[in-house]
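Observations on the three-dimensional arrangement
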Amino acid sequence: GALHSLLEAPLSRAIDELPAEFKMTVQLADIEELSYREIAESMSCPIGTVMSRLHRGRRWLRARLLQEAEALGLVDEAPSEPL
């Protein structure tokens, strides 16, 4: 609906702004829907690294999207959370 259309551009920008090591991990997990093992194999890194990057990347995206929502007046104030 309208909210989806309103947030599509900010979400796309936020994903583009993700630091590189998080961007690929988030894309493989949340867009390509690969398992941790599949991501670890494709990125040649341990599963623990995949889990850490995914957690940090999602946290970064959440904070960035809250800033966008605040700017659009969808939330009163985005909580301050370390990126």
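Note: the structure precedes this text.
These lines cover the structure that appears in this document, whether it is placed above or below. The structure displayed is predicted, hence computed values, not measured ones.

This part takes up the packing of helix 2 (residues 20–31) against helix 3 (residues 36–43). Running from N to C, helix 2 and helix 3 cross one another at 135 degrees; their axes reach a closest spacing of 10 Å. It follows that helix 2 is oblique to helix 3 by the angle criterion. Crossing of helix 2 against helix 3: the hand is right-handed. Every residue of helix 3 that contacts helix 2 at Glu21, Met24, Thr25, Leu28 and Ala29 is listed here: Ile39, Ser42 and Met43. Residue composition of the contact of helix 2 with helix 3, grouped by class: 5 nonpolar, 2 polar and 1 charged.

Every buried residue of helix 3 is listed here: Ile39, Ala40 and Met43. Down the axis of helix 3, the sector holding all buried residues measures 100 degrees, keeping them to one side. Relative to its buried face, helix 3 has exposed residues pointing more than 90 degrees away, namely Arg37 and Glu41. Where helix 3 is buried, its residues contact helix 2 and helix 4 (47–71). Phi turns positive, to about 55 degrees, at serine 44, one or two residues after helix 3.

Next up on the list: helix 2. Here helix 2 is 12 residues long and its end C-alpha atoms lie 16 Å apart, about the 16 Å a rise of 1.5 Å per residue gives. Taken together, the buried positions of helix 2 are occupied by Phe22, Thr25, Val26, Leu28 and Ala29. Down the axis of helix 2, the sector holding all buried residues measures 165 degrees, keeping them to one side. Buried residues in helix 2 make contact with helix 3 and helix 4. Looking one or two residues beyond helix 2, the residue adopting positive phi is glutamate 33, at roughly 60 degrees.

Rules behind the numbers
- For every chain, the first residue of the written sequence is number 1, and numbering continues from 1 along that sequence.
- Local features in this predicted model are restricted to residues whose pLDDT is 70 or higher, and side-chain atom pairs enter the listing and the counts only when it is 80 or higher, whereas totals over whole chains, interfaces and linings include all residues.
- Based on all heavy atoms of the structure, the side-chain values leave hydrogens and waters out of the count.
- Under this scheme, a helix contributes an axis fitted over its contacting stretch, all axes are lines through C-alpha atoms, and angles between N-to-C directions fall in the 0 to 180 degree range.
- A run of H or I in DSSP becomes a helix once it reaches four residues, and a run of E becomes a strand once it reaches two; helices and strands are each numbered from the N terminus.
- Each angle gets one of four labels, with under 35 degrees taken as roughly parallel, over 145 as roughly antiparallel, 65 to 115 as roughly perpendicular, and the rest as oblique.
- We call a crossing left-handed when the near helix sits turned anticlockwise from the far one by less than a right angle, and right-handed when that turn is clockwise.
- The contact definition used throughout considers only heavy atoms, calling two residues in contact when any of these lie within 4.5 Å.
- Amino acid classes used here: Ala, Val, Leu, Ile, Met, Phe, Trp, Tyr, Cys and Pro are nonpolar; Asp, Glu, Lys and Arg are charged; the rest, including Gly, are polar.
- The classification of residues rests on relative accessible area computed with a 1.4 Å probe and restricted to protein chains. Under 20% of the type maximum is buried, over 50% is exposed, and intermediate values are partly exposed.
- Taking the helix axis as origin, the arc is that swept by the directions to the C-beta atoms.
- Each helix should span, by expectation, one fewer than its residue count multiplied by 1.5 Å.

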